[in-house]
Amino acid sequence: MKPITILGIILVVAGVLALAYGGFTYTKETHDIALGPIEFKVEEKERVNVPLWAGVLSALGGAALLVFGRSSSRS
């Protein structure tokens, strides 16, 4: 498989996921305290929102790479 086809597939999948979920969440560890055998951890969940236009642009760009990548290989 050509690298341009792989990139097109990745962009389409990322765009569809961005449109479906609107972002992603990750956990960030902020504090860690140890008092003898007792340990305290504080974890915060952070959410990153992906704009709608970024998801659409990614999906369309990936589709364009798939279409034009195939047509240029036939020449």
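Scope of this entry: the structure provided in the associated data block.

What counts as what
- Residues numbered from 1 in each chain as written.
- Predicted model: local features only at pLDDT ≥ 70, side-chain atom pairs only at ≥ 80, totals over all residues.
- Heavy atoms only, no water.
- Helix = DSSP H or I, 4+ residues; strand = E, 2+ residues; numbered from the N terminus.
- Rg over C-alpha atoms; globule rule 2.2 N^0.38 Å.
- Buried < 20%, exposed > 50% of the residue type's maximum accessible area, 1.4 Å probe, protein only.
- Contact = heavy atoms within 4.5 Å.
- Lys, Arg positive; Asp, Glu negative; His and termini not counted.
- Charge placed at Lys NZ, Arg CZ, Asp CG, Glu CD.
- Polar contact = N/O pair within 3.5 Å; in protein donor to acceptor, adjacent residues only side chain to side chain.

Once that is clear, we can look at the overall build of the protein chain. Within the protein chain, the regular secondary structure consists of two helices and two strands. Going residue by residue from the N terminus, the α and β elements of the protein chain occur as α-β-β-α. Computed over the C-alpha atoms, the radius of gyration of the protein chain is 20 Å, more than 25% above the 11 Å expected from 2.2 N^0.38 for a compact globule of 75 residues. Expressed along its principal axes, the backbone C-alpha trace of the protein chain runs to roughly 70 × 25 × 10 Å. Taking all 75 residues of the protein chain together, the buried fraction comes to 13%. A sequence separation of at least 24 residues applies to 57% of the contacts in the protein chain between residues at least 6 apart. Distance from the positive charge centre (7 side chains) to the negative charge centre (6 side chains) of the protein chain: 25 Å.

Attention now moves to the environment of tyrosine 21. Mapped onto the fold, tyrosine 21 is located in helix α1 (residues 3-21). Sequence-wise, tyrosine 21 and asparagine 49 are 28 residues apart; in three dimensions their C-alpha atoms are separated by 9.0 Å.

This part covers the environment of proline 3. Note on placement: proline 3 falls in helix α1. Along the primary structure proline 3 and glycine 69 are separated by 66 residues, whereas in three dimensions their C-alpha atoms are 9.5 Å apart.

Inspection of the secondary structure assignment puts serine 58 in helix α2 (residues 52-73). The exposure class of serine 58 is buried, given its relative accessible area of 16%. At 2.8 Å, the side chain of serine 58 forms a polar contact with the backbone oxygen of leucine 11. The contacts of serine 58, once residues within four sequence positions are left out, are Leu11, Val12, Ala14 and Gly15.

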